[in-house]
Amino acid sequence: MGTIDADFSPMSAKSNYFKAIPGEHRLRVLGQSISGWLYWLDTPDGGRKPVRLTADQSPLVEYADTTKKFLAFPIWNYSEEKVQIWEITQSSIQSRLKSLDADKEWGALTGYDLGLERTGTDKNNTKYQVTPKPKSDLSEEIKKAVKEGLPIMEALFEGGDPFVKEEK
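About the thresholds
- Residues numbered from 1 in each chain as written.
- Predicted model: local features only at pLDDT ≥ 70, side-chain atom pairs only at ≥ 80, totals over all residues.
- Heavy atoms only, no water.
- Helix = DSSP H or I, 4+ residues; strand = E, 2+ residues; numbered from the N terminus.
- Buried < 20%, exposed > 50% of the residue type's maximum accessible area, 1.4 Å probe, protein only.
- Contact = heavy atoms within 4.5 Å.
- Areas by Shrake-Rupley, 256 points an atom, 1.4 Å probe, with all protein chains shown as cover.
- Lys, Arg positive; Asp, Glu negative; His and termini not counted.
- Charge placed at Lys NZ, Arg CZ, Asp CG, Glu CD.
- Core = buried A, V, L, I, M, F, W, Y, C linked by side-chain atoms within 4.5 Å.
- Polar contact = N/O pair within 3.5 Å; in protein donor to acceptor, adjacent residues only side chain to side chain.
- Phe/Tyr/Trp six-rings, centres within 6.5 Å; stacked < 30°, edge-to-face > 60°.

## Points about the overall build of the protein
Then comes step 1: Counting its regular elements, the protein contains 2 helices and 7 strands.
Then comes step 2: Its helices and strands taken in sequence order, the protein reads β-β-β-β-β-α-β-β-α from the N to the C terminus.
Then comes step 3: If you line up the protein on its principal axes, its C-alpha atoms span 65 × 45 × 45 Å.
Then comes step 4: For the protein, buried positions account for 31% of its 168 residues.
Then comes step 5: Pairs at least 24 residues apart make up 57% of the contacts formed inside the protein by residues separated by at least 6 positions.
Then comes step 6: On the protein, roughly 11,500 Å² of surface is accessible, and the fraction owed to carbon and sulfur atoms is 50%.
Then comes step 7: Side-chain charges of the protein comprise 23 positive and 26 negative groups, with the mean position of each set lying 5 Å from the other.

This is the structure in structure tokens:
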């Protein structure tokens with residue numbers, strides 16, 4: 001008999017937020033983006049919490065040096081096989097996505113998958129490459145996930161959990 005109960009299972013580290021680790025990722029944008037300003041506050045317990053403001057709000061002056069413009073989408077992450085939120089603060093990724101979205105041949109990001117490759121491990125050597133994949137319909141698995149409901153993106157501005165559905 002072992003020292004760990006047989007019915008114990010570790011808590012899953014799978015997050016509701018996509019984080020681009022070095023390597024290749026395949027993603028599908030599932031809905032409209034939101035954008036605004038993002039900065040972080042220290043919490044009394046030694047942690048940090050994000051503060052997000054809409055694009056028409058002004059960040060506090062004391063956070064001006066650390067405030068970033070963000071763009072966020074609900075996405076399908078193929079490797080995790082789940083809906084996540086992709087919050088993007090890197091201007092190179094934002095510019096590429098805006099360019100694809102405005103392109104007459106590619107159009108709305110919801111019509112095709114995106115390849116995202118991250119190389120490098122720190123701020124000085126990290127690079128991202130976004131590549132559109134051939135246009136395609138959503139798989140049945142993704143259609144089912146979308147039908148079950150996408151995250152409520154505006155909850156990010158209120159400090160809420162976009163994945164908690166309100167009771168009706």
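## So, the nonpolar core
Then comes step 1: The biggest cluster of nonpolar side chains holds 17 residues, and the ones touching the most others in it are Phe73, Trp86, Leu97, Leu114 and Leu116.
Then comes step 2: Elements with a contribution of two residues or more to this core: β1 (23-29), β4 (68-77), β5 (82-88), α1 (91-102) and β6 (112-119).
Then comes step 3: Formed by 7 residues, the second largest nonpolar core is a distinct cluster that contains Ile34, Ala72, Ile85 and Met153.

## With respect to the side chain of His25
Then comes step 1: Its place among the elements puts His25 in strand β1.
Then comes step 2: Of the polar contacts made by the side chain of His25, one reaches the backbone oxygen of Ile21; its length is 2.8 Å.
Then comes step 3: For His25, the residues in contact, after removing those within four places along its chain, are Phe18, Ala20, Leu114, Gly115 and Leu116.

## Details of the environment of Pro134
Then comes step 1: Note that Pro134 resides in strand β7 (residues 127-135).
Then comes step 2: Placed 116 residues apart in sequence, Pro134 and Phe18 show a C-alpha to C-alpha distance of 22 Å.

## Describing the environment of Ala145
Then comes step 1: Looking at the secondary structure, you find Ala145 in helix α2 (residues 140-148).
Then comes step 2: The exposure class of Ala145 is buried, given its relative accessible area of 13%.
Then comes step 3: Counting along the chain gives 62 residues from Ala145 to Val83, while the straight-line C-alpha distance between them is 7.1 Å.

## Notes on unusual backbone geometry
Then comes step 1: Although it is not a glycine, Glu81 adopts a positive phi angle of roughly 55°.
Then comes step 2: Considering the arrangement of structural elements, one finds Glu81 in the loop between β4 and β5.

## Remarks on the packing of aromatic side chains
Then comes step 1: Throughout the structure, instances matching the rule amount to 5 aromatic pairs.
Then comes step 2: Taken together, a centroid distance of 6.4 Å and an interplanar angle of 80° make the contact between Tyr17 and Phe163 edge-to-face. With Tyr17 in the segment before β1 and Phe163 in the segment after α2, the pair connects residues that are 146 residues apart, well separated along the chain.
Then comes step 3: Assessed through its relative accessible area of 32%, Tyr17 is described here as partly exposed.

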